[in-house]
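Survey of secondary and tertiary structure
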Amino acid sequence: MLKGTVYDEGNEPLVGAAVIVKGAGKETGTTANLDGKFSISIPAAKNATIEVSFLGMETKNITITPDINDIVVVLKSDNSLDAAVITTGYGLIQNKENFAGSAYQVTHEELALKPAARIDNMLAGVVPGLTVIEDSTNGRPSVKIRVRGDGSLSASNEPLWVIDGVPIYTGSRTNSITGTNGSISPLSYINPDDIESMTVLKDASTTALYGADGANGVILVTTKNAKIGKANFNASVKYGVSSIDQSTRIKYCDAPQWLELAKLGWVNSGRTIENFPYQDNEYNSYSTTNTDWFKEFVQNGHSTQVNFSANGGTESMDNFFSLGYFANETPYIGNRQQRYSIRNKTSVRFSEKLEMMSNLSASYNHNDLFSLYSTYDEILPIFSPYNDDESYRFYNWYSTGDTYELVQRKFHANTLPQRNENENYQNTISAQADITLTWKPFSGMTITSQSGASFTNIYQATYSAMSNLSGLSDTGKNGFSNRYAVFDSVLNENIRANYNKTFAGKHNILGMVGLEMTDKKHPYLSASGNGFINDHIKEVTYADASTLKGGSNTSHTRSLSYIAHASYTYDRRYTLSFSGRRQGYSSFSEFSRWGSFLSAGATWNVHREHFWKSNVIDQLTLKASYGNNGNSRIDTSSSYGSYSIGTGSYYGGVAGAVQSSPANPGLSWEKTYITNLGATIGLFKRLTLSFEYYNRKTTDLLYSGRVSSVITDGSVMRNVGEITNKGFEFEVNSTNIKRGDFTWSTSINGARNRNLITKLYKGMHTGFFDSIWVEGACKDDWWLVRWAGVDPTNGAPMWYDKNGDLTYTFSYDDRVLLPEYSKQPDLYGGVSNDFSWGDFSLRIMFDYTIGGWEYFYKFDYGSDVIGSNMPVEMMHCWSTPGEVNEHPKFTYKRADLAGYNSTKCLYSSTSAQLRSLTFSYRLPKNISRHLNVTNAVVSLVGDNLYFWSPGQSRTHNSYKTFKFSDGMTRTISGQISFNF
Amino acid sequence: MKRIITVALASMLLASCQIISDLETKFLTVESIGKSTIESFFEEITGLEAAGEGLHHEMEKFFDSYYFKYAEIAGENLSINVVSASEGDYLLYNYEMREEHVATYPRNVWGNGWEVVTNANNVIYYGNRLLDREELLKSDILRIQKIVAWGYFTRALMHFSICNCYAQPYCYTPDASHIGIPVVDYIPKFEDQIGRKSVAEVYDLILSDLEKAMNILAEGDYKVDCFHVSDVACEALLARVHLYMQDWDNAAKYAKSVMDKIPLTKNEDYINMFRDPFGTNGSEAIFRLNQYDGSSSLVSIYDPTRSSGYDFFPNPSMHNMFEEGDVRADLLTYIPEDCEDESVKGKTFNAVCKHLAYKSLKDEKTIIPCPFVLRGSEMYLIHAEAVANGTAHDLNAAADDIKTLEARARGIAKTDVSLDYSDLDTMNKLIKQERVKELSFEGHSIFDSIRRGEAVTRPEDCNAKIKRLEYGDHRTILPIDQMEMQANDNMEQNEGYR
C-alpha cells in the first residue's frame, strides 16, 4: 500500500488529483482527498509506475520501487495547459479537450499591447466567427460586434458582456446610451490591463446558460487574480502617436480642380459661365483660396498609458491591486479620452472550507467630444476657414440662383470655431463591486453566493458659444447650454452549488444548479436653456428663464432565472453535457414571461481510444451540440400597451397623455436554435486544426409588422418569421519551427456566414434604400438597379430595368435582389505569426477579407457640384462622342439620377490589413539586476500599419479609400514594462 | 396517519410552490415610470384628465400638420414656390398623389387621423368604466363626464375630417350610400377585421357622438376656454356637418343658436386674434388649437422670411377681392417687424399671415399660431347658405349675414354695405366669395367646392399646372395608402386609384 500527498508549487494540496498505477496489466486508480492525500495498492515486489495528474498541471510519472511507501508529489502548473482549460461562467471550468461547446478564449498575453481605448475591438481578427465592425464617422468611432452573423431583424444583434459574472449595460439595442447626447461605449471604461482572459461563447451548449440574452453570443471577461506568494509588482508605461494613413483617405479635388469641374458641370447643364455662383468679390477670393479641410480637422494624436499592479498573499489572504491611467487624443482634434482606473481584489480564507472574495473596481473617465461636420471632407476647397484678419469666417458671399446675384450666406460647415469655443464633455464614474462567498462543505462541492453591483454615472455638459454661429439664436437669446445625467445600475445575485469530482480516475462529474436575479435601472435626466449674458456662464440656471427646459425618465427591468448544468466524462474519452435555464423577464406580459432554454452536447476524444495508434495524428476530437437561447433586448413596453406623458404630448403647456403603444399581449422573445459540429485534429504535436460548422436558426423572430392604421399607426412587434445563419469557422495553430530558443508559430483563423430569411409575416417583404427582406432570400444581398454603363454617343447613364432591358431612365422600381452581390464576404479572418528568439519576440497580425461587396455612394456626377467637393475621378468623366467611359457626362443638377443606387456603387470588399506588428525585447538579466528589477521588457508596437485592396491606386479612389469614411488611424507606440 | 402525513406534506409542497410563484411574480412586476400600462393609467381620474389634454394635443397635431395643409394645398387659393415646397406638398398641389406615396398625405392624414380616434376611444371606454364605479362624488362624476364628452366630440370631428379627405362628399349619392371610411366606435384589437362603411353610416356616428357630447357638456355647465371642447363647439360642428349634408334647416338652426351665444370679434381685434393669439383670443373663438410652446408646420410653409422662403403664398388675385379698408386684406401682406433679420427688413411679401404670430411678442413660447377649428364668423356663413338654399330661400336673411361680416371687416355700419343679388345663384356666389375672404387658409378650401358638387377651380393667376378638377374626379380625394392596403385585406381602394 502506497501512501502519498499531492501538492502544487505553492504547497497547496491538490484535491482530486488522479493517481493511476500503470503497466500492471489492469490499471487501478484513485483520487487525492481534501488534504491531497491518497493511498493505493501497488503490486508487490515489482517496480510499478504511477501517473499523477491534475487539470491544468503537468502530468507526472513516478517509478515506485518496493521500498517506497510514502511519497510527496509536487505537480507543476502546465503553462501550455493553461490554454487547455476553458471558463464558461457560473464557476464552470472545463478541459478544452472534453469541452462539447464552442467557445474561444483569448488570454491576457494575446491582449497585451493592443490599443487600450476600449476592450471590444481588441478581439478584432483574433476570434474565428467574430466580426468587429469599426465605423468612424465624423471622427467619432463606433464599434459593432457580431458573433456568427445577424440573428435578428428587429432585436439587438450585439453580444452580451459579462464581467466577472456580472452582466454590464452596454447600451440599448443599437449600443446607444439613452439619456446622453452622443454615446460612449461602457466598454471603454474598463482597463484592459486588468483582464486575465476574454471568452467568447458561441454555441447553444454554452450560451443556453445565459438564456434570454445569449442569442448573439456571450463575451465573458475575467479579471486578474492574486497569486499566493511573495509580493510581485508590475509597472508599465506606453506612449503612442497616431495619424491618419493618407492612402486610405478619399481623394477629393483641390481648389483649381474643383473650380474646373464645377464650371464644366455648370455649363453642361445649360447655364452660362457669367452666372457661375463663385466669382471673386470683396469678401471671398475664390480663385486664390485652396483649403485642405482635412488638415484643418486632423492632426497627429497621442496616447499615454501607465499601469501599476501588485499582487501576492498568504494562504489565508491574498490581494491583487492595480492602478491605471490612459489618455488618448485621437487625430480628430477635439476628441480626447482619459481614464483613471483602480481595482482591488482580496480573498480571505477563514478556513479551508470558507472563503470570501471582494472585487472592487472603479474608473473615472473624461471624454471630450467633437463631432466633425458630417461631410467635412466635402466642404468646398475654395472656402477659407478664416477671414483675412485671421478671425473665423462665418459668412461667404456667392450667388445661389441661376442668374448671378451676390448674397451673403452663413458658413455653417466651418465648425472650427465650434471646436475651439464650444464645450462637449462627459464625465463618467463606472464602478463595479462583487462580493463572493464560497463554502466547500465536502470534497468536490462548492457553494457560492456572488453578489455583484455595477454602477455607471454619466454627467454630460454641452455648450454652444454665442461667439460662433452655433450659439446664435433667431430670438436673440444666445448661447445654448445642455446638461445630461445618467445613473445606471445593474444588481446581480447568483447563488449556486457546483460539484466537480473524478471517481476512480475515470468518471468525471461536473454539475451546477443555481439561481440568478438581476435588476437593471436606467434613470436619466436633462436640463437645457439658452440666452446667456456671455460665454463664461454656461450653467443652465443662469439662462433666460423662459427658455429653461428639463426632464427625467427611467427604465427598469428585472429578470429571475434558474440555471443548471451537468456533464459527465468517461475516461477522458466520452463527454456528455447538458445545460438549462428557465428565465422570467419583467418586460414581457404574464402570458409569455417565462422562457426555457436547454442544450445538450457530446464530445468524443478518438485519440484516447485504445485502438488509436497513430504517430501522425496525436489528437482527434469530435464534438456536437444543440440547444436554444433567446434574445430579450427589444423594446418590450408594448406588451401591455402604454400611455405616456411627455413634453411631446403637452397641450398649451399642460401635461397631456397619449397612447404610445397598443396592447400586444402575445409578444415574446425570439428563440434561437443552434446546431454546432466541430472537430479538432492535432498533427505531429505541433499542428492543431479545428473546424466548426453551425446552423443558427432564429424562430419567433421579432418583426415589426403592420396592421391596419385604424388599429395603430406604428408598426407592431410580432413574433413571426424565421431566419437562419449557417457557416463555418476554422483555426490552424502551428509551431513551424522550434529549434533551440528560436520558435516560429502561426495561427490562422477564418469564418464564413450566410443568412437566409425563411419566413416573414404574411410573406410580406420590407424594402429599404438598398436592401430588402424577402422570404427565401439572404438579408445581406444588395437590392439595387443594375448599372449598364455609359452610352458612348452622348455620355448618358444606362441601367437594366426589372426585366433586364436597357433603359435610360432610373427608377427605384427597377431594383432587383442580387444574390451575386452579398454584403457577407466569402471568407474572413486573421493570421498571426509569432517569432521568438531568446529575449526577442515579434508578432505580426493580419486581417483578411475575401469576397463580399460594399456600397458607397460618392459619385453623383455633378448633381451637387456647386455645393460640395467631388472625388478626383470626376475630372475624367465622359466628354466627347464616341468615348467609352465608365463615368457619364458631368452635369450640375442632372435629372437622370446617374450614380444613384445602382450596382455602379458596389465595391468588392476583398482586402487585407496589417493590423499589428509587435516587437518586444527582454533586457538581459544583468541589466535588469542593475536596475533592481526582476524583469524588464521593451516593446514597440505598430497598429493598423497598412491596408491593401486589389483596386487600390495612387491616383484614384477604390475600396481602400471608401472603406474608412475618415481614413484609417495608424498608431505607433513604445512600451516599457518592469516586474519587481 | 400515513395519509394525514401525505396530505400534510402535499399541501405544504403546494403551499410553498404557491409562495415561490407569488414571490416570482412580485419580483418580476416592475412599473415602467413615465410610461404607464393602459389599464393602470386609467385607474385614476387624473389619468383620464391627462388623456383629455392629450386628446386636444392629438387634434392639434392632426389639424396643424396635415388636415389644414391638405385642405388648402389641394384647394383653390394658393400658389406654390416650387423651389422650397416639399416633395409631398408639391405632389399634392399637382394632384399627383398615388397609393405608394406613403411618406406623405395619403398615409399621414390616414394614420394620424386614426391615432386621434384611438385616443378618443380610450377616453370614452375607460371614462365610462370609471363612471361604473360605486361611491363616486358628484364632482368626480362631472369631471369624468366632461372628458368622456371630449372623447365623443373628438371621435365625431375625426370621422368627419377623415371622411372629407378619403370619401366623396355626403351628397355624392342621394342617400350617401357611397363608400366612406371605417366606423370605429370601439377599441380595435390586432385581429379585428376593419373595412369601410358607407358615408351615411359614418355621418350617423358623427351626429350621434356630437349629440351625446353636446348634452353632457350642456348639462354639466362647464366653464371651458376656447382651447377646449365646449357644448357650443358641439353645436357649431353640428351646424357644419348638417351644411355638408345639405340638411339646410338643421344647419340654420344650429348656426343660429351659436350666433346668439357668440359675439363676433370686433374689427380692431380681428388681426390680433390671429397674430397675437394669447393676447387677443377674439370673442368669436369657439374652438381653436393651443400651440403654446410648440411648433407649427403651418408657419413653415407660409413664413416668407425663412431662409428658403415660403412654400406657398396666396394667389395674387386674392387681393382684388376685398373692398377698400377691409382688415382681412391686411392678413395677406407680410411686413417684417423691427426685430427681424436685416435681409428681409423693408420688404413686403404676399403671404398668408393668418398663421404667422408677431415675432416681437415678449414671451417666445407664444410666437405661434393657434389655428381655428370653429369660430363665429363661419356660423354666419353657414346660416347664410342654409337660409338661402333652404325651402324658404330667404335671400335677404342670407344677405344680412354677409353684410354683418363685411361691416365688421371694413369697420363700417351694416347699412353702409351694399350687396348685389337677385337670384339664388348670385347669392351662392356671394356666399362662396365671402367664405374665401373670411375663412381662406383655415382648412375649408377644397371641401367648400366639392361638398356643393362643384369643380375645384383655381384662378388664372395661380401658378398651378392644373387649374381645374371636375366634381367627382378621383383626385379630389386621397387614395388609401399602400401600407394600409397591404396590411389590411379588407381595405378597399378609392375608385380611380385602383
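Pairing between side chains of opposite charge can happen when their charged atoms approach one another. All names here are of chain B. According to the stated counting rule, one finds 76 salt bridges over all chains in the structure shown. Its salt-bridge partner being Glu115, residue Lys61 comes within 3.3 Å of it at the nearest N-O pair. Highlighted residues: Lys61 in helix α3 (residues 45-73) and Glu115 in helix α5 (residues 105-131), separated in sequence by 54 residues. Residue classification places Glu115 among the partly exposed residues on the basis of a relative accessible area of 22%. One salt bridge connects Glu340 with Lys359, and the closest N-O pair in it is separated by 3.5 Å. A residue pair is termed long-range when its members are at least 10 positions apart, and Glu340 in the loop between β5 (333-334) and β6 (349-350) and Lys359 in the loop between β6 and β7 (372-375) qualify at 19 residues. Looking at Glu340, the relative accessible area reads 9%, which means it is buried.

The subject of this paragraph is the sheet that holds strand β1 (residues 2-8) of chain A. Residue and element names in this part refer to chain A. Taken in spatial order, the three strands make up an open sheet running β4-β1-β7, and their pairing is mixed. With one partner strand each, in any of the chains shown, β4 (37-40) and β7 (70-75) form the two edges of the open sheet. Between one strand and the next, the sheet's axes are offset by a mean angle of 25 degrees, whatever the strand orientation. Summarising the sheet, β1 and β7 pair through six bridges and their orientation is parallel. The partner of Thr5 across the bridge, within β7, is Val72.

The next subject is unusual backbone geometry. Excluding glycine, most residues fall at negative phi; most peptide bonds, likewise, are trans. With phi around 50 degrees, Tyr861 of chain A is a residue other than glycine that occupies positive phi space. Counting through the fold element by element, Tyr861 of chain A comes out in the loop between β49 (853-855) and β50 (906-908). Accessibility expressed as a relative area gives 0% for Tyr861 of chain A, which makes it buried. Although it is not a glycine, His393 of chain B adopts a positive phi angle of roughly 45 degrees. Residue His393 of chain B is classed as partly exposed on the basis of its relative accessible area, which comes to 40%.

Below, the discussion takes up the confidence of the model for chain B. Averaged over all residues, the pLDDT of chain B equals 91, while 99% of them reach at least 70. For this predicted complex, the interface confidence comes out at an ipTM of 0.84, alongside a pTM of 0.75.

Looking now at the interface of chain B and chain A. Contact with chain B, which involves 57 residues of that partner, is made by 56 residues of chain A. In total, chain B and chain A occlude about 4600 Å² of area from one another, counting both sides; carbon and sulfur atoms represent 58% of this. Broken down residue by residue, the surface that chain B buries against chain A is led by Phe27, Leu28 and Phe190 of chain B, which jointly contribute 19%. For the interface between chain B and chain A, the tally reads one salt bridge. Across the pair Lys477 of chain A and Glu364 of chain B runs a salt bridge, and its minimum N-O distance is 3.0 Å. Elements with a contribution of two residues or more to the side of chain B that touches chain A: α1 (2-28), β1 (35-37), α2 (38-41), α3, α5, β3 (285-288) and α16 (482-487) of chain B. At nine residues, α5 of chain B tops the list of elements feeding residues into the side of chain B that touches chain A. Of the residues that constitute the side of chain B that touches chain A, the class distribution is 23 nonpolar, 17 polar and 17 charged.

How each quantity is defined
Residues numbered from 1 in each chain as written. Chains lettered and ligands numbered in written order. Predicted model: local features only at pLDDT ≥ 70, side-chain atom pairs only at ≥ 80, totals over all residues. Heavy atoms only, no water. Salt bridge = Lys/Arg side-chain N within 4 Å of Asp/Glu carboxyl O. Helix = DSSP H or I, 4+ residues; strand = E, 2+ residues; numbered from the N terminus. Buried < 20%, exposed > 50% of the residue type's maximum accessible area, 1.4 Å probe, protein only. Pairing = 2+ DSSP bridges. Axes fitted to C-alpha atoms, helices over the stretch in contact; angles between N-to-C directions. pLDDT = per-residue confidence, 0-100. Contact = heavy atoms within 4.5 Å. Buried area = accessible area lost by both parts, 1.4 Å probe. Nonpolar A, V, L, I, M, F, W, Y, C, P; charged D, E, K, R; others polar.

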